[in-house]
Amino acid sequence: MTTTFGLDTFGDVTLDATGTPLSHAQTIRNLVEQGVLADQVGLDFFGIGEHHTPDMPLSAADVVLAAIAARTSRIRLGSAVTVLSSDDPVRVFQRFSTLNAVSDGRAEIILGRGSSVDSFPLFGYDLADYEDLFEEKTHLFAEILKGGPVTWQGKTRAALHEQDVVPFSEPFPTWIGVGGSPQSVVRAASYGFSLMLAIIGGHPSRFAPFSELYRHALEKFGHAPKPIGIHSPGHVAETDEQAREEFWPHYLDLIGRLGKSRGFATPTPESYAHEVGPHGALFVGSPETVAAKMASTMTTLGASRFDLKYGIGGLPHESLLRTIELYGTRVVPRVRDLLA
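Note that the structure is a prediction, hence the values are computed from the model and not measured.

Among the secondary structure elements, Lys293 is positioned in helix H10 (residues 287-301). The contact partners of Lys293, leaving out residues within four places of it in the chain, are Glu275, Val276, Gly277, Pro278, Gly280, Ala281, Leu282 and Phe283.

As structure tokens, this is what we get:
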């Protein structure tokens, strides 16, 4: 299976040279520049995750991806992830089918239930329906992907009967993002979707049973082998010390804030050192350090795709551009050598 490498971002608001947060508009324009650079340095994929908060204002990723598509010709473009539970599968398909047309067949989509649930109250959905919403909407999305008129009935939206869903397009790769649920792994296999493992904390090897479960489930459901991908946060600089010092204060701030609503423990210097070390989930360091950890993790999990979730609120745009350059020109070539 072909080995591919990408970048994911949540479009965190960055700072200017004086430490002042940039506007949402400038943050989005900078994100387009980052996507263009990812193409220029030879990466295979650039993904934007859906969020609806003041510090992560990327609420319309497909629009930004279309802007990047207009300035690139090779790199694949997609979501990382789309919160399908609080969206309409018909509109999601239409937007990404349109992106597929604009980009000449370079669109992908990663569907998720939403570990960040700010979209549920925004669009009027009840978190009590969390599981049912994703199950039904994934089923409808899978039916639409088959092409042709769609007939579908469920509890979460109006039924469809012999309904054309346009624009028609060639099927585009669809992934299910999984953060820790075996049921989600089996769901991805049942539809023949690829599996993206979102590893944001702890030893990545704990996801190895998910890879094995996915491969067995694909076989059980009669599907051919599909790619397994890894999505993990990180930051690359010229040296380990520089990368870790740049990333630490912003990581502490972010996890400290998220911990209030999600129950995360506040990071300590000791816990941070573990996460950036060989047995943690943060890919922070020099190109050689990050490459070695990526190659080891991909081998352990049997993954053929790695998407580095770069960027974190507060890091300046210039630092993100340097991470992208180092990742594309030094990290990925080294990982390919290590995996050869």
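Having seen it, we continue.
Right, let's talk about helix H7 (residues 208-220) for a bit. Over its 13 residues, H7 extends 19 Å from the first C-alpha to the last, a length consistent with the 18 Å expected when each residue adds 1.5 Å. Those residues of H7 not exposed but buried are Phe210, Ser211, Tyr214, Ala217 and Leu218. One side of H7 holds all its buried residues, which, seen down the axis, span an arc of 130°. Facing away from the buried side of H7, by more than 90 degrees, are the exposed residues Pro209, Glu219 and Lys220. In this structure, the buried side of H7 is in contact with strand S8 (174-178), helix H6 (182-191), strand S9 (194-198), strand S10 (228-236) and H10.

Let us look at the environment of Ile230. Looking at the element boundaries, Ile230 is found in strand S10. Counting along the chain gives 32 residues from Ile230 to Ala198, while the straight-line C-alpha distance between them is 6.2 Å. Those residues in contact with Ile230 that lie beyond four places of it in its chain are Met196, Leu197, Ile199, Thr297, Met298, Leu301, Ala303, Arg305, Phe306 and Asp307.

A word on unusual backbone geometry. Residues Ala80 and Val81 are joined by a peptide bond in cis, for which omega reads 10°. In this model, Val166 is joined to Pro167 through a cis peptide bond whose omega is 5°. Relative to the elements of secondary structure, Pro167 occurs in the loop between strand S7 (160-163) and S8. With phi around 60°, Asp104 is a residue other than glycine that occupies positive phi space. With respect to the helices and strands, Asp104 occurs in the loop between helix H3 (89-102) and strand S5 (107-112). Positive phi, normally seen in glycine, also occurs at Glu162, with a value near 50°.

The next subject is the pairing of S9. Extensive coverage of S9 is indicated by the burial of 4 of its 5 residues. One ladder, built from 4 bridges, connects S8 with S9; its direction is parallel. Of the residues in S9, the one forming a bridge with Trp175 is Ser194. For the handedness criterion, the β-α-β arrangement of S8, H6 and S9 is classed as right-handed. As paired strands, S9 and S10 are joined by 4 bridges and run parallel to one another. Each residue of the ladder has a partner; that of Leu195, found in S10, is Ile228.

Definitions and cut-offs
- Residues numbered from 1 in each chain as written.
- Predicted model: local features only at pLDDT ≥ 70, side-chain atom pairs only at ≥ 80, totals over all residues.
- Heavy atoms only, no water.
- Helix = DSSP H or I, 4+ residues; strand = E, 2+ residues; numbered from the N terminus.
- Contact = heavy atoms within 4.5 Å.
- Expected span 1.5 Å × (residues − 1).
- Buried < 20%, exposed > 50% of the residue type's maximum accessible area, 1.4 Å probe, protein only.
- Arc of directions from axis to C-beta.
- Pairing = 2+ DSSP bridges.
- Right-handed = clockwise from strand over helix to strand, strands pointing away.

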